[in-house]
Amino acid sequence: MSREEPDVRIFVDLDSSVPPYEQVRGQLAELIGNGRLPVGTRLPTVRQLAADLNLAPNTVARAYRELEGAGLLETRGRNGTFVAPGRDDALDRLQRAAADYAVQARRLGVPPDAALGLVRAALDASRPG
């Protein structure tokens, strides 16, 4: 996989209860979190990825927007969309842990709201005092 044209392998299960944009967002976040899409990697255009996945462009655009809002992607106008530079090491490690957690939750069939509830409970339990 080159930094300019990554071999992004994303699969969308149209029979899943998880919306297609969320499947795309989650898989890209995982690829970024585990380093398979390193900083600076140029992603396919929205139209190209949508065509590859047989999805509407707005579906892929929403996934890209959410990843950009989370600081994982950056859009450079006509130059394209790229994996954003790392934030700090702690956030990068936490992102990888979150991606691993999301994969486990999905494998175990835990709905996203329940998985997030478990994280909230763990954060609340870890507060001092």
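The structure we're discussing is the one just above.
Numbering of residues starts from 1 in every chain and runs along the sequence as written. Restriction of local features to residues with pLDDT of at least 70 applies here, the model being predicted, together with a cutoff of 80 or more for giving and counting side-chain atom pairs; totals for whole chains, interfaces and linings are based on all residues. Heavy atoms from the whole structure form the basis of all side-chain values; hydrogens and water molecules are not counted.

## Examining the overall build of the protein
Filter applied, for reference: A run of H or I in DSSP becomes a helix once it reaches four residues, and a run of E becomes a strand once it reaches two; helices and strands are each numbered from the N terminus. Buried, partly exposed and exposed residues are distinguished by accessible area as a fraction of the type maximum, computed with a 1.4 Å probe on protein chains only: under 20%, between the cut-offs, and over 50%, respectively. Reported accessibility uses the Shrake-Rupley method at a 1.4 Å probe radius. Residues are deemed covered only where the shown protein chains occlude them.
The number of helices and strands found in the protein is five helices and two strands. Taken from N to C terminus, the helices and strands of the protein fall in the order α-α-α-β-β-α-α. Put simply, the protein has 129 residues, and 30% of those count as buried. Summing over all exposed atoms, the protein offers an accessible surface of approximately 8400 Å²; the carbon and sulfur share of this is 53%.

## Thoughts on the packing of aromatic side chains
Heads up, the condition is: Put simply, two rings from Phe, Tyr or Trp (the six-membered ring, in Trp's case) pair if the centres are within 6.5 Å, and we call them stacked under 30 degrees between planes, edge-to-face over 60, tilted for the rest. Note on geometry: a ring has a charge over it if NZ (lysine) or CZ (arginine) is within 6 Å of the ring centre and within 35 degrees of the ring normal.
Within the structure shown, the criterion is met by zero aromatic pairs. Positioned above the aromatic ring of Tyr21, the side-chain terminus of Arg62 is 3.6 Å from the ring centre. Just above the ring of Phe82 sits the side chain of Arg76; from NZ or CZ to the centre is 3.9 Å.

## Comments concerning the packing of helix 1 (residues 20-33) against helix 3 (residues 57-69)
Our working rule: Note on geometry: axes are lines fitted to C-alpha atoms, helical ones only across the stretch in contact, with angles between N-to-C directions running from 0 to 180 degrees. For classification, angles of less than 35 degrees are called roughly parallel, those exceeding 145 degrees roughly antiparallel, those between 65 and 115 degrees roughly perpendicular, and all remaining angles oblique. We call a crossing left-handed when the near helix sits turned anticlockwise from the far one by less than a right angle, and right-handed when that turn is clockwise. Two residues form a contact once any of their heavy atoms are found within 4.5 Å. As a working rule, the residues Ala, Val, Leu, Ile, Met, Phe, Trp, Tyr, Cys and Pro are called nonpolar, Asp, Glu, Lys and Arg charged, and the rest polar, with Gly in that last group.
Contact pair helix 1 / helix 3: the axes reach a minimum separation of 8 Å and the direction vectors enclose 45°. The angle between helix 1 and helix 3 falls in the class oblique. You can see that helix 1 and helix 3 cross each other, and the crossing is right-handed. Each of Pro20, Tyr21, Glu22, Val24, Arg25, Leu28 and Ala29 in helix 1 lies in contact with helix 3, whose residues at this interface are Thr59, Arg62, Ala63, Tyr64, Glu66 and Leu67. Residue classes in the contact of helix 1 with helix 3 are distributed as eight nonpolar, one polar and four charged.

## A short note on the side chain of Gln23
What counts here: Pairing of N or O atoms within 3.5 Å defines a polar contact, subject to two protein rules: one partner must be a possible hydrogen donor and the other a possible acceptor, and residues neighboring in sequence count only if both atoms are side-chain atoms.
The topology assignment puts Gln23 in helix 1. According to the relative accessible area criterion, Gln23 is buried, its value standing at 10%. A polar side-chain atom of Gln23 sits 2.7 Å from the main-chain amide nitrogen of Asp13. A distance of 2.8 Å separates the side chain of Gln23 from the backbone oxygen of Val18, its partner in a polar contact. Excluding its chain neighbours within four sequence positions, the residues that come into contact with Gln23 are Phe11, Val12, Asp13, Ser16 and Val18.

## Observations regarding helix 2 (residues 46-53)
Short version of the rule: By construction, the arc corresponds to the directions joining the helix axis to the C-beta atoms.
For helix 2, the set of buried residues is Leu49, Ala50 and Leu53. For helix 2, the arc enclosing every buried residue in end-on projection is 100°, short of the 170-degree limit, so these residues lie on one face. Exposed and oriented more than 90 degrees from the buried face of helix 2 are Arg47, Ala51 and Asp52. Looking at the buried positions of helix 2, the neighbouring elements they touch are helix 1 and helix 3. Phi turns positive, to about 60°, at Asn54, one or two residues after helix 2.

## Some thoughts on the pattern of salt bridges
Convention followed: Take a side-chain nitrogen of Lys or Arg and a carboxyl oxygen of Asp or Glu: if they are within 4 Å of each other, that pair is a salt bridge.
According to the stated counting rule, one finds five salt bridges in the structure shown. A salt bridge links Glu22 to Arg25, with the nearest nitrogen and oxygen atoms 2.5 Å apart. Highlighted residues: Glu22 and Arg25, both in helix 1, separated by three residues, approximately one helical turn. A residue is classified by how much of its surface remains accessible, and Glu22, at 24% relative accessible area, is partly exposed. Assessed through its relative accessible area of 22%, Arg25 is described here as partly exposed. Ionic pairing is found between Glu30 and Arg106, a salt bridge with its closest N-O pair at 3.4 Å. Within this pair, whereas Glu30 is found in helix 1, its partner Arg106 is found in helix 4 (residues 89-108), the two being separated by 76 residues in sequence.

These figures come from the coordinates and say nothing about function on their own.
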